[in-house]
Amino acid sequence: MAPYILALDQGTTSSRAIIFDLDGRPLKQVSREITQIYPQPGWVEHDPEEIWNSQLEVACEAIGQAGLSARDILAIGITNQRETTVIWDRETGKPCYNAIVWQCRRTAPYCQDLLARGWSKEIQARTGLIIDAYFSATKIKWLLDNVPGLRDRARAGKILCGTIDSWLLWKLTGGKVHATDYSNASRTMLFNIHTLRWDEEILREMDIPGNILPAVLPSCGHFGVIEESLLGASIPITGIAGDQQAALFGQCCFTPGMVKNTYGTGCFILMNTGSRAITSRQGLLTTIAWGEEDKVFYALEGSVFIAGAVVQWLRDEMGLIASASESENYALKVEDTNGVYLVPAFVGLGTPYWDMKARGILCGLTRGANKYHVVRAALEAIAYQTRDVLETMVQEADLTLERVRVDGGATRNNFLMQFQSDILGIAIDRPWVNETTALGVAMMAGKGAGAYSGWQELTRMWKLEKTFRPQMPREKAEALYKGWQRAIERARNWIEP
Ligand code: ADP
């Protein structure tokens, strides 16, 4: 059996290829940045051809640089920036427009209109999502409404539409397969996560012909075989998942109640809820974690908008630190923040506050407050915001939380990880492989290709690097968190109508 798996990780800022062995050890990684296109304020696009070319290039280079040939690759997995939407011509394979990226706000007015017409309960009940421009549905509608002739071509079956995974799958299979997986489908706001079908009623409301959408398949399973000419062998594609779900899988959060938190620019927190699709009342999203044959596993998802980004802000805007890693040394120069709180509500507040009128504040300042206190307060804010989301999850899922598995750039900060453990009062587990998204989809692809006998074998692939355990007395942690909640109140509803 060929001993390696190739993970294609198509992210918002880069296309990456990572080769793993069957024990989940990364062998080679190649990455290429992709161009961000901003045609108007608030609009974000990518060039689908650039996405495809860069992804193919890094795949070739990774195999070459690892000293392998395509025959050494057992299977390919695809993980991707979620929600970003592409429409292309079924005959020529040419994109009909740039990809509209998840961050793009161009469809916010239509979302407002949907909200005003009372669709929010219905959409949440069917798709698990909260009406927002973030998801694919309104992007597809925008394309059909605004690209001349596109809706007619859609009705005539001349175009295809999908998220980035579908676009790459279609290109890799030489135009033979138009499919996606359950996790990506569940981020479109068109997929009924209970019936596991594209939702006819939402399609009708948005006037989207269902025939342009991909077939929805289990995340671990056979999607198709790549064209031999691309890499030099016909490798099967046996795993596909959206990036956050792939990370949940890569962290081996296979049982209900297990949680992972990715600390990047923002934080993405997902809790496995097993066969239960829990409808949130406090702004969490219900999403499909992954699907097998005819069975899917659900997750609750919450996000923090500004996490590692507050560290970049300290560095780039405030000039308080020279590098992100310096934040740790600074935080450790003082015993506490001296009562200072920083609420980084730079773009409003997400779960559970959902306050778009909130703005950042620095409070609790006294004459003795110095830059170390402020830097420490910024790091602590990442941990407090994570607790805000996790408390909501635990409440809504009615599960107890025993520990959290973490990944992402900011988990290198040991002070932050220790403080996170202290504030939550539970253990934080940091694994050896930080590339959990790519690892997760490699594991899925391996499972889909039959390389692993079962979940237990997969679970063994997760390797702990370090556990952080609570050291702070609980009363102190609770008092600090109370202070955070008071600071949050001060930050809320700041912008005048
Ligand atoms: P993304 O995938 O969102 O770009 P990454 O996982 O690459 O994010 O992490 C980058 C983020 O982590 C940046 O916002 C950076 O400020 C933050 N970061 C990196 N190293 C540290 C550190 N040692 N301490 C705190 N934050 C850090």
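Owing to the predicted nature of the structure, the values given are computational and were not obtained by experimental measurement.

Re the packing of aromatic side chains
Now for step 1: A complete count under the given rule lists 22 aromatic pairs for this structure.
Now for step 2: Considering the side-chain rings of Trp-102 and Tyr-134, the 5.8 Å spacing of their centres and the 70° angle between planes classify their relative orientation as edge-to-face. Of this pair, Trp-102 sits in the loop between β7 (99–100) and α2 (108–116) while Tyr-134 sits in the loop between α3 (120–127) and α4 (136–146), and the two are 32 residues apart along the sequence.
Now for step 3: Measuring from centroid to centroid gives 5.9 Å for Tyr-341 and Tyr-384, while their planes differ by 40°, and the two rings are tilted. With Tyr-341 in strand β19 (residues 341–343) and Tyr-384 in helix α13 (residues 371–397), this pair connects stretches of sequence that are 43 residues apart.
Now for step 4: Note on Tyr-341: relative accessible area 12%, which makes it buried.
Now for step 5: The rings of Tyr-341, Tyr-384, Phe-415, Phe-419, Tyr-481 and Trp-484 are connected pair by pair, giving a single aromatic cluster.
Now for step 6: The ring of Trp-462 carries the charged tip of Arg-405 above its face, separated from the ring centre by 3.6 Å.
Now for step 7: A cation over a ring is seen here: Lys-447 above Trp-455, with NZ or CZ 4.6 Å from the ring centre.

Comments concerning the sheet that holds strand β22 (residues 427–431)
Now for step 1: Spatially, seven strands are ordered β17-β18-β16-β15-β21-β22-β23 in an open sheet, and the strand pairing comes out mixed. The open sheet is flanked by β17 (285–292) and β23 (464–468), the only strands paired with a single partner. Here the average twist between neighbouring strands, direction ignored, is 30°.
Now for step 2: Taken together, the five bridges between strand β15 (residues 259–263) and strand β16 (residues 267–274) define a ladder with antiparallel strand orientation. Following the sheet pairing, Asn-261 is matched in β16 by Ile-269.
Now for step 3: Those strands touched by α13 are β15, β16, β18 (295–304) and β21 (403–407), and its axis lies near 20° from that of β16.
Now for step 4: Here helix α14 (residues 414–424) sits on the sheet and contacts β15, β21, β22 and β23; the angle it forms with β22, its principal contact strand, is near 145°.

A closer look at the side chain of Lys-260
Now for step 1: Along the chain, Lys-260 falls in strand β15.
Now for step 2: Buried and without a salt bridge, Lys-260 has Asp-407 as its closest oppositely charged side chain, separated by 5.0 Å.
Now for step 3: In terms of polar contacts, Lys-260 uses its side chain to reach the side chain of Gln-244, at 2.5 Å.
Now for step 4: Reaching out from Lys-260, the side chain makes a polar contact with the side chain of Thr-262 at a distance of 2.6 Å.
Now for step 5: Residues in contact with Lys-260, not counting those within four places in the same chain, are Gln-244, Ala-247, Leu-248, Gln-251, Cys-253, Phe-268, Ile-269, Leu-270, Arg-405 and Asp-407.

Focus on the nonpolar core
Now for step 1: By size, the foremost hydrophobic cluster in this structure holds 61 residues, and its most contacted members are Tyr-263, Val-343, Ile-382, Leu-390, Met-393, Val-404 and Trp-484.
Now for step 2: For this core, the element with the most residues is α13, which contributes 13 residues.
Now for step 3: With sequence-adjacent residues up to four places away left out, Ile-382 is seen in contact with Tyr-263, Cys-267, Ala-307, Gly-308, Val-310, Val-311, Leu-416 and Gln-420.
Now for step 4: Ala-133, Ile-140, Leu-196 and Phe-268 belong to the second-largest nonpolar core, a separate cluster that totals 47 residues.

Notes on empty space enclosed by the protein
It is a probe the size of a water molecule, rolled over the atoms, that shows where empty space is left.
Now for step 1: Considering all chains together, one arrives at two cavities of 30 Å³ or more under this definition.
Now for step 2: Considered as a void within the structure, the largest cavity measures approximately 100 Å³ in volume.
Now for step 3: Val-304, Phe-305, Leu-349, Gly-350 and Gln-385 are, among the 15 residues lining the largest cavity, the residues nearest its centre.
Now for step 4: At the level of elements, β18, α13 and α17 (474–491) are the ones that each hand at least two residues to the lining of the largest cavity.
Now for step 5: Here the lining of the largest cavity is composed, by residue class, of nine nonpolar, five polar and one charged.

The rules we used
Residues numbered from 1 in each chain as written. Predicted model: local features only at pLDDT ≥ 70, side-chain atom pairs only at ≥ 80, totals over all residues. Heavy atoms only, no water. Phe/Tyr/Trp six-rings, centres within 6.5 Å; stacked < 30°, edge-to-face > 60°. Helix = DSSP H or I, 4+ residues; strand = E, 2+ residues; numbered from the N terminus. Buried < 20%, exposed > 50% of the residue type's maximum accessible area, 1.4 Å probe, protein only. Lys NZ or Arg CZ within 6 Å of the ring centre and 35° of its normal. Pairing = 2+ DSSP bridges. Axes fitted to C-alpha atoms, helices over the stretch in contact; angles between N-to-C directions. Contact = heavy atoms within 4.5 Å. Lys, Arg positive; Asp, Glu negative; His and termini not counted. Salt bridge = Lys/Arg side-chain N within 4 Å of Asp/Glu carboxyl O. Polar contact = N/O pair within 3.5 Å; in protein donor to acceptor, adjacent residues only side chain to side chain. Core = buried A, V, L, I, M, F, W, Y, C linked by side-chain atoms within 4.5 Å. 1 Å grid on protein atoms, 1.4 Å probe; cavity = no way out; pocket = protein on both sides within 12 Å on 5 of 7 lines; lining within 4 Å. Points joined across faces, edges and corners; volume = space filled by probe spheres on them. Nonpolar A, V, L, I, M, F, W, Y, C, P; charged D, E, K, R; others polar.

By themselves, these are just geometric observations and shouldn't be taken as functional.
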